[in-house]
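# Summary of structural features
Below are the chains, spelled out letter by letter.
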Amino acid sequence: VYYSGIKDAVASSRDDSGILMNRNVGEYSITGLMGVLNYHPKSSPLSAGLNYTFLNPYQVETDNTRIRLGDIAAHHLNLLANYRLKVEGFNINLNARGNYVSAQPVGANTTQTGNPGLDNSGEYPAYLILNGSLTISHNQLKSFSLQITANNFLNGNLLNSALPTYYHAGPRTASANYFNNLTG
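Throughout what follows, the structure given in this document is the object of discussion. All figures in this text were calculated on a predicted structure; none of them were measured in a lab.

### Digging into the overall build of the protein
- A count of helical and extended segments in the protein gives zero helices and 12 strands.
- From first element to last, N terminus to C terminus, the protein shows the α and β order β-β-β-β-β-β-β-β-β-β-β-β.
- Counting every position in the protein, which comprises 184 residues, the buried fraction comes to 28%.
- A separation threshold of at least 6 residues defines the contact pool for the protein, and within that pool the share at least 24 residues apart is 50%.
- Within the structure as shown, the protein displays about 12000 Å² of accessible surface, and the carbon and sulfur contribution to it stands at 56%.

### A word on the nonpolar core
- Within the largest apolar cluster, six residues are counted, these being Ala-9, Val-25, Tyr-28, Ile-30, Leu-55 and Leu-69.
- At three residues, the largest contribution of residues to this core is made by strand β2 (residues 20-39).
- The contacts of Val-25, once residues within four sequence positions are left out, are Ala-9, Val-10, Ala-11, Gln-59, Val-60 and Glu-61.

### A look at unusual backbone geometry
- Phi at Glu-88 takes a positive value of approximately 45°, unusual for a residue other than glycine.
- Note on placement: Glu-88 falls in the loop between β5 (75-87) and β6 (90-101).
- The exposure class assigned to Glu-88 is exposed, which follows from its relative accessible area of 75%.
- You will see that Asn-152, though not glycine, has its phi angle at about 50°, which is positive.
- Mapped onto the fold, Asn-152 is located in the loop between β10 (141-150) and β11 (165-167).
- For Asn-152, a relative accessible area of 8% corresponds to the buried category.

### A word on a nonpolar patch on the surface
- On the surface, Leu-46, Tyr-83, Leu-85, Val-87, Phe-90 and Leu-94 cluster together to form a nonpolar patch covering roughly 510 Å² of accessible area.
- Secondary-structure elements contributing two or more residues to the nonpolar patch are β5 and β6.
- Considering every element that reaches the nonpolar patch, the biggest residue donor is β5, with three residues.
- As for its position among the elements, Leu-46 is in strand β3 (residues 46-60).
- Its relative accessible area of 46% is what places Leu-46 among the partly exposed residues.

### Things to note about the pairing of β3
- Sheet topology places β2 next to β3; 13 bridges connect them, and they run antiparallel. If you follow Thr-31 over to β3, its bridge partner there is Asn-56.
- Summarising the sheet, β3 and β5 pair through nine bridges and their orientation is antiparallel. Counted as the bridge partner of Leu-50 is Leu-79 from β5.

Scoring rules and cut-offs
Residues numbered from 1 in each chain as written. Predicted model: local features only at pLDDT ≥ 70, side-chain atom pairs only at ≥ 80, totals over all residues. Heavy atoms only, no water. Helix = DSSP H or I, 4+ residues; strand = E, 2+ residues; numbered from the N terminus. Buried < 20%, exposed > 50% of the residue type's maximum accessible area, 1.4 Å probe, protein only. Contact = heavy atoms within 4.5 Å. Areas by Shrake-Rupley, 256 points an atom, 1.4 Å probe, with all protein chains shown as cover. Core = buried A, V, L, I, M, F, W, Y, C linked by side-chain atoms within 4.5 Å. Patch = residues over 30% accessible without salt bridge, like charges linked within 9 Å, V, L, I, M, F, W, Y side chains within 5 Å. Salt bridge = Lys/Arg side-chain N within 4 Å of Asp/Glu carboxyl O. Pairing = 2+ DSSP bridges.

It is worth stressing that arrangement in space is one thing and function is another; only the former is reported here.
Written out as structure tokens, the structure is:
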């Protein structure tokens, strides 16, 4: 369980004449919960893990009005599995990860009032994707490894096969939205 309080939070917004300005927006109040489970028996080449995060992010105005921080999913769930193999000095690890992110509210009643969401829905829908990797190293070259990673290797949002895109906030979104197109 955690709490993060930010006083004198600053955000960018446009004034009435359209000029982008940084301004004080009051405080951010973010509560949350995080949990981790790991299964890693020494006698088995298999291991698994699960982690979950819940976020409850709000901007608190000077009159104590609470506004939901936009574009932040409340729920994140990651499930991973590893299969380790040792063959003639080589160490091989196969990894698969399922990543679930709940819907990300935007628009009215959030701090992102100018963002209508996907198809004007007021949100970016939840998604579930699968990622995987293969890592190979050798006992005599301990500082070196080769890793091949495939993100979204089933090429789709497993929660909605009719929706060919999903929205993932991440490093590429520092200045703009980033959509991942799954139609190939």
